[in-house]
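Topology and contacts: notes
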Amino acid sequence: MTEAKKHLSNRWKSYGFSTRAIHDGQEPDELTGAVTVPIYQTSTFAQESPGKTKGYEYSRTGNPTRLALEKSIASLEKARHALAFSSGMGAILTIASSLRSGDKILLGDDVYGGTYRIFTKVFANFGLDCEFVDPSDIEAADQKLASKKIAYVLIETPTNPLMKIVDIHAVSKLAHENNSRVIVDSTFSSPYITTPLGFGADVVVHSTTKYLGGHSDLVGGAVAVNDSELYERLKFLQNACGAVPGPFDCWLVLRGIKTLSLRMEKHSRNAAAIAKFLYEEMSRSKKIHSVNYPGLPDSPGHNIAKKQMKLYGGMMSFDLGREERTVSFLKGLKLFSTAESLGGVESLAEVPGIMTHASLPESERRKKGITNSLVRLSVGIEDEEDLVQDISQALKLAR
Ligand SMILES: *Cc1c(COP(=O)(O)O)cnc(C)c1O
């Protein structure tokens, strides 16, 4: 069976998300009946005679645990193909390696810091030309696309840390009219909440470190596509560049995926409760200046979010107006740890201006509204009342 064929199994297609998350790509092991995909912790595979393999030669090229993960992610994204990588950046690095010197890429102006860095500080040296646009401003995006020949548009939605919503369908339509392809970094949503290929995107990227893994215990990445030619090219590059995940990390992501739907439901419910509390608090207290959560009915992207998101997710941000108040708020939290990253079962809080987004020039941060009093929350799956209570008591302490 060719690699491409292996990805096209139809057996689970008609089943719902949670069923596919538990079964697709993860049928009981043919040899032993093990109901969990075995961890094939091996670098190489014995050949019956030179060149006669059982489908695997060397684990950079292919490994059964990794293939199970790739099938699972393809299934969740309703994609024909998926590839797993050693990190989200490894996935983006591999996509960028498919471009040539002189090619142009249009990036959302508040993409993940590491994405900004790899294009401006690494691929710029290889002659890749990157431009930036506010992707929630469709007219501005249209102008950029029409004026230049752009190979790829890369967007994130919701954006980090201001939770702006980008209309995947509108951006994809514009891009296709201009012969460009669209990459959606869907890390913040996870495939349970949004499947970007269904809205016209060409490539989906994930940092599986976040919601797919879900337990803050691994670093990984993934790419999903429908176009078989693009898949073959990326698969070639996956092997050629070598940013592949180890079998154990693949297994951890597979394990996380089995509970993805339950976790996303709970993350979203908890985040909605906190957003509602903060929003109501905003009218009672002068301490809160803004609350950014796409589930709030009067948030700017709410209508587009309703169209392309099943739930509103576990990420949110809010502005406490003053840096000292923000620092004392974080110190007062008992359940939220002050830490970077997101998407794990435990609740985290951070100040993007000082932590995750510190590498952006201050003028850029100010222009975007990323102040040193903006708090970003990755809301975990603890009890809703406990989390709201924690936020409430820390807010009382913060002057
Ligand atoms: C974390 C993250 C990445 C990078 O992923 P790593 O697994 O840390 O390499 C890319 N995009 C987004 C939106 C992220 O949150």
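Residues numbered from 1 in each chain as written. Predicted model: local features only at pLDDT ≥ 70, side-chain atom pairs only at ≥ 80, totals over all residues. Heavy atoms only, no water.

Topic: the domain arrangement of the chain
In terms of domain boundaries, the chain breaks down into domain 1 (3-257) and domain 2 (260-397). Each of domain 1 and domain 2 was reduced to a C-alpha centroid, and the two centroids are 27 Å apart. Taken together, the contact between domain 1 and domain 2 spans 34 residues of the former and 37 residues of the latter. Interface area for domain 1 against domain 2, summed over the two sides, is near 3,000 Å², with a carbon-plus-sulfur share of 63%. A salt bridge links lysine 307 to aspartate 167, with the shortest nitrogen-to-oxygen separation between them at 3.3 Å. Linking domain 1 with domain 2 are 18 residue pairs in polar contact (both at pLDDT 80 or more), by the criterion used here. Of all elements in the fold, only α2 (17-23), α8 (190-193) and α10 (247-258) reach the threshold of two or more residues within the side of domain 1 that touches domain 2. (Domains from an automatic or database assignment. Contact = heavy atoms within 4.5 Å. Buried area = accessible area lost by both parts, 1.4 Å probe. Salt bridge = Lys/Arg side-chain N within 4 Å of Asp/Glu carboxyl O. Polar contact = N/O pair within 3.5 Å; in protein donor to acceptor, adjacent residues only side chain to side chain. Helix = DSSP H or I, 4+ residues; strand = E, 2+ residues; numbered from the N terminus.)

Section: the nonpolar core
Leu69, Leu76, Tyr192, Ile257 and Leu260 are the most contacted members of the largest nonpolar core, which totals 36 residues. Where this core is concerned, the elements lending two or more residues are α2, α3 (64-76), β1 (81-85), α8, β7 (221-225), α10 and α11 (260-284). Of all the elements, α10 adds the most residues to this core, at six residues. Core analysis: the next-biggest nonpolar cluster, separate from the first, contains 28 residues, Ala273, Phe277, Ile288 and Ala394 among them. (Core = buried A, V, L, I, M, F, W, Y, C linked by side-chain atoms within 4.5 Å. Buried < 20%, exposed > 50% of the residue type's maximum accessible area, 1.4 Å probe, protein only.)

Overview of the site of the ligand
Inspection of the region around the ligand gives 13 residues, with Gly88, Asp185, Ser207, Thr209 and Lys210 positioned closest. Within the side chain of lysine 210, one N or O atom sits 2.8 Å away from an oxygen atom of the ligand. In the complex, 92% of the free accessible area of the ligand, which totals 380 Å², lies under the protein chains. Its residues placed into classes, the shell around the ligand shows four nonpolar, six polar and three charged. (Near = heavy atom within 4 Å. Areas by Shrake-Rupley, 256 points an atom, 1.4 Å probe, with all protein chains shown as cover. Nonpolar A, V, L, I, M, F, W, Y, C, P; charged D, E, K, R; others polar.)

A closer look at the pattern of salt bridges
Within the structure shown, the criterion is met by 16 salt bridges. Its salt-bridge partner being glutamate 324, residue arginine 322 comes within 2.9 Å of it at the nearest N-O pair. Of the charged contacts, one joins lysine 367 and glutamate 364 as a salt bridge, the two residues approaching to 3.2 Å between their closest N and O atoms. Taken together, the residues span about one helical turn, with lysine 367 and glutamate 364 both in helix α14 (residues 362-368) at a distance of three residues. On the basis of relative accessibility, which here comes to 68%, the residue lysine 367 falls in the exposed class.

As for the pairing of strand β9 (residues 315-319)
By the criterion of burial, β9 is predominantly enclosed, with five of the five residues buried. On β9, burial covers both faces: Met315, Ser317 and Asp319 on one face and Met316 and Phe318 on the other are all buried. Two strands pair when backbone bridges link them, and strand β8 (residues 290-292) and β9 are joined in this way by three bridges, in the antiparallel orientation. By the bridge assignment for β9, asparagine 292 is matched with serine 317. (Pairing = 2+ DSSP bridges.)

With respect to the packing of aromatic side chains
Here a ring pair, both rings aromatic, is described through the centre-centre distance and the interplanar angle of the planes. All told, the structure shown has eight aromatic pairs when counted by the stated rule. Between phenylalanine 17 and tyrosine 192 the ring centres are 5.1 Å apart and the planes differ by 65 degrees, which places this aromatic pair in the edge-to-face class. Of the two residues, phenylalanine 17 sits in helix α2 while tyrosine 192 sits in helix α8, which places them 175 residues apart along the sequence. With respect to class, phenylalanine 17 is no different from tyrosine 192; both count as buried. Note on phenylalanine 248 and tryptophan 251: the rings are 6.0 Å apart at their centroids and 15 degrees apart in plane angle, and the pair reads as stacked. Taken together, the residues span about one helical turn, with phenylalanine 248 and tryptophan 251 both in helix α10 at a distance of three residues. Judged by relative accessible area, which is 41%, phenylalanine 248 ranks as partly exposed. Here the aromatic residues Phe119, Phe123 and Phe126 are joined through ring pairs into a cluster of three or more. (Phe/Tyr/Trp six-rings, centres within 6.5 Å; stacked < 30°, edge-to-face > 60°.)

Overview of the packing of helix α4 (residues 88-96) against helix α5 (residues 113-122)
Where α4 meets α5, the closest approach of the two axes is 10 Å, and the angle between their N-to-C directions is 35 degrees. Seen along the crossing, α4 lies across α5 with a hand that is right-handed. Here Met89, Ile92, Leu93 and Ala96 of α4 come into contact with α5, specifically with Gly114, Thr115, Ile118 and Phe119. Among the residues making up the contact of α4 with α5, the classes are represented as six nonpolar, two polar and no charged. (Axes fitted to C-alpha atoms, helices over the stretch in contact; angles between N-to-C directions. Left-handed = near helix turned anticlockwise from the far one by under 90°.)

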